[in-house]
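# Tertiary structure, described
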Amino acid sequence: MCGPAALPALAIAASVVTAGGALYAGSAAAKQGKYEQQVAEENAKLERNKVADATTRGNIEQQRRYRELAQAQGRARAAMGAAGLDLGFGSALGVQLDQAQVAGEDAYTIGENTKREIEGYDINAANFVGQGRAARSRGKAAQTGSYFAAGGTLLGGAQQAKSMGK
């Protein structure tokens, strides 16, 4: 067994080990926060990629709708022309204008839906960036807290060793 003279040394050793553990935990928390930030930034990048994809898909869908309009108008003009109707007047013109209006409304709806989808991805990306910053901040705070905990442990161990040495 240890004699009374060894007790102050044991108190100091215990304090050093405990302080080391606190510093290690703080360092690990800082590394974890940095890692979480990197993951969040990668997730934000993926969301931004989805924006480009949604934009492309929306544009293609609008173009497809206008091509459908052109085909429908071509068929209608051919049928009306074959029937001897004047395409620039009356019902024949009205049919063409109605088709164009419906297609325009469809294209507008496609654009608005694409816009909403993009806004969702932008919001997700911003949220990921915010979460990453928060994780990094928590890690730094834990690391700073570990310095204080280690310092307090060492001071407490020194005080305890001093009181045992009397």
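Above this text is the structure in question.
Residues numbered from 1 in each chain as written. Predicted model: local features only at pLDDT ≥ 70, side-chain atom pairs only at ≥ 80, totals over all residues. Heavy atoms only, no water.

## Let's talk about the overall build of the protein chain
- Along its length, the protein chain carries two helices and zero strands.
- The C-alpha radius of gyration of the protein chain comes to 36 Å, more than 25% above the 15 Å expected for a compact globule of 166 residues.
- Its C-alpha atoms put the protein chain at 120 × 20 × 15 Å along the principal axes.
- Counting over 166 residues, the protein chain shows a buried share of 22%.
- For the protein chain, long-range pairs separated by at least 24 residues make up 86% of all intrachain contacts whose partners lie at least 6 apart in sequence.
- Looking at the protein chain as shown, the accessible area adds up to about 10900 Å², and 60% of this sits on carbon and sulfur atoms. (Helix = DSSP H or I, 4+ residues; strand = E, 2+ residues; numbered from the N terminus. Rg over C-alpha atoms; globule rule 2.2 N^0.38 Å. Buried < 20%, exposed > 50% of the residue type's maximum accessible area, 1.4 Å probe, protein only. Contact = heavy atoms within 4.5 Å. Areas by Shrake-Rupley, 256 points an atom, 1.4 Å probe, with all protein chains shown as cover.)

## Describing a nonpolar patch on the surface
- A cluster of nonpolar residues, Leu7, Leu10 and Met164, forms a patch on the protein surface that exposes about 240 Å² of accessible area.
- Examined against the element boundaries, Leu10 turns out to sit in helix 1 (residues 7-82). (Patch = residues over 30% accessible without salt bridge, like charges linked within 9 Å, V, L, I, M, F, W, Y side chains within 5 Å. Salt bridge = Lys/Arg side-chain N within 4 Å of Asp/Glu carboxyl O.)

## Considering the environment of Ala76
- Summarising the element assignment, Ala76 is placed in helix 1.
- According to the relative accessible area criterion, Ala76 is buried, its value standing at 14%.
- Spatially, the C-alpha atoms of Ala76 and Gln99 are 9.7 Å apart, while their sequence positions differ by 23 residues.

## Some points on the packing of helix 1 against helix 2 (residues 90-164)
- Two elements in contact, helix 1 and helix 2, have axes separated by 7 Å at closest approach and are oriented at 175°. Relative to helix 2, helix 1 is oriented roughly antiparallel.
- Partitioning the contact of helix 1 with helix 2 into residue classes produces 39 nonpolar, 24 polar and 15 charged. (Axes fitted to C-alpha atoms, helices over the stretch in contact; angles between N-to-C directions. Parallel < 35°, antiparallel > 145°, perpendicular 65-115°, else oblique. Nonpolar A, V, L, I, M, F, W, Y, C, P; charged D, E, K, R; others polar.)

## A closer look at the pattern of salt bridges
- If you walk through the whole model with that rule in mind, you get eight salt bridges.
- With a shortest N-O distance of 2.2 Å, Glu61 and Arg64 are connected by a salt bridge. Here Arg64 and Glu61 lie together in helix 1, a separation of three residues that amounts to about one turn.
- You can call Arg64 partly exposed: its relative accessible area is 31%.
- Salt bridges sharing partners connect three or more residues here, namely Glu61, Arg64, Arg65, Glu68 and Asp106.

## A closer look at the environment of Gln73
- Residue placement: Gln73 occurs in helix 1.
- By relative accessible area, which is 12% here, Gln73 ends up buried.
- Spatially, the C-alpha atom of Gln73 lies 36 Å from that of Gly120, the residues being 47 residues apart in sequence.
- If we skip the residues at most four places from it in the chain, Gln73 touches Gln96, Gln99 and Ala100.

## What to know about helix 1
- Between its first and last C-alpha atoms helix 1 spans 111 Å; for 76 residues at 1.5 Å apiece the expected length is 112 Å, and the two agree.
- Of the residues flanking the end of helix 1, it is Gly84, one or two places downstream, whose phi is positive at about 85°. (Expected span 1.5 Å × (residues − 1).)

## Let's talk about the environment of Ala22
- Looking at where Ala22 falls in the secondary structure, it is placed in helix 1.
- Residues Ala22 and Ala149, spaced 127 residues apart in sequence, show a C-alpha to C-alpha distance of 6.5 Å.
- Residues within four places of Ala22 in sequence aside, it is in contact with Ser146, Ala149 and Ala150.

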